[in-house]
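Structural characterization, general
Each chain, written out:
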Amino acid sequence: MQQINLAEASQNLPDLIEAAISGEEIIIIKDNQPLVKLTPVSPVKRRPKYGSAKGLVTISDDFDEPLEDFKEYME
């Protein structure tokens, strides 16, 4: 864990960001008190668009017809 004061952090922000992305814990302090912790943000998972599978799924014409195995239960 690396602690750095606010004045130094503002001068070295790009390097601190790279260190945080690499997994290092960076704590920025002010008046000897922890102020913020730099942590990388997880990538956002994209949701599929509605209709993106159009044409990939087909349903047979007899989809809703009774099955032969259950014919005796239908009578």
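Here's what I pulled together on the structure shown here. No experiment lies behind these values; they were computed from the predicted model shown.

Next up on the list: the sheet that holds strand E3 (residues 33-38). The mixed open sheet is built from three strands, whose spatial order is E1-E2-E3. Two strands bound the open sheet, and with one partner strand each, they are strand E1 (2-5) and E3. Each strand axis lies, on average, 35° off the axis of its neighbour in the sheet, ignoring direction. Here five bridges tie strand E2 (residues 26-30) to E3, and the two strands are oriented antiparallel to one another.

Among the nonpolar cores identified, the biggest contains seven residues, and these are Ile 4, Ala 9, Leu 16, Ala 19, Ala 20, Ile 26 and Ile 28. Of all the secondary structure elements, the ones that give two or more residues to this core are helix H2 (13-21) and E2. Sorting elements by how many residues they give to this core places H2 first, with three residues. Contact partners of Ile 4, with chain neighbours within four places excluded, come to Ala 9, Asn 12, Leu 16, Ile 26, Ile 27, Ile 28 and Ile 29.

The next point concerns the pattern of salt bridges. According to the stated counting rule, one finds one salt bridge in the structure shown. Note that Glu 25 and Lys 37 form a salt bridge whose closest N and O atoms lie 3.5 Å from each other. Taken together, the residues Glu 25 in the loop between H2 and E2 and Lys 37 in strand E3 connect sequence positions twelve residues apart. Relative accessible area serves as the criterion here: at 32%, Glu 25 is assigned to the partly exposed category.

The subject of this paragraph is a nonpolar patch on the surface. Taken together, the side chains of Leu 56, Val 57, Ile 59 and Phe 63 present a nonpolar region at the surface, about 520 Å² in accessible area. Looking at where Ile 59 falls in the secondary structure, it is placed in the loop between E3 and helix H3 (71-74).

The rules behind the values
Residues numbered from 1 in each chain as written. Predicted model: local features only at pLDDT ≥ 70, side-chain atom pairs only at ≥ 80, totals over all residues. Heavy atoms only, no water. Pairing = 2+ DSSP bridges. Helix = DSSP H or I, 4+ residues; strand = E, 2+ residues; numbered from the N terminus. Axes fitted to C-alpha atoms, helices over the stretch in contact; angles between N-to-C directions. Core = buried A, V, L, I, M, F, W, Y, C linked by side-chain atoms within 4.5 Å. Buried < 20%, exposed > 50% of the residue type's maximum accessible area, 1.4 Å probe, protein only. Contact = heavy atoms within 4.5 Å. Salt bridge = Lys/Arg side-chain N within 4 Å of Asp/Glu carboxyl O. Patch = residues over 30% accessible without salt bridge, like charges linked within 9 Å, V, L, I, M, F, W, Y side chains within 5 Å. Areas by Shrake-Rupley, 256 points an atom, 1.4 Å probe, with all protein chains shown as cover.

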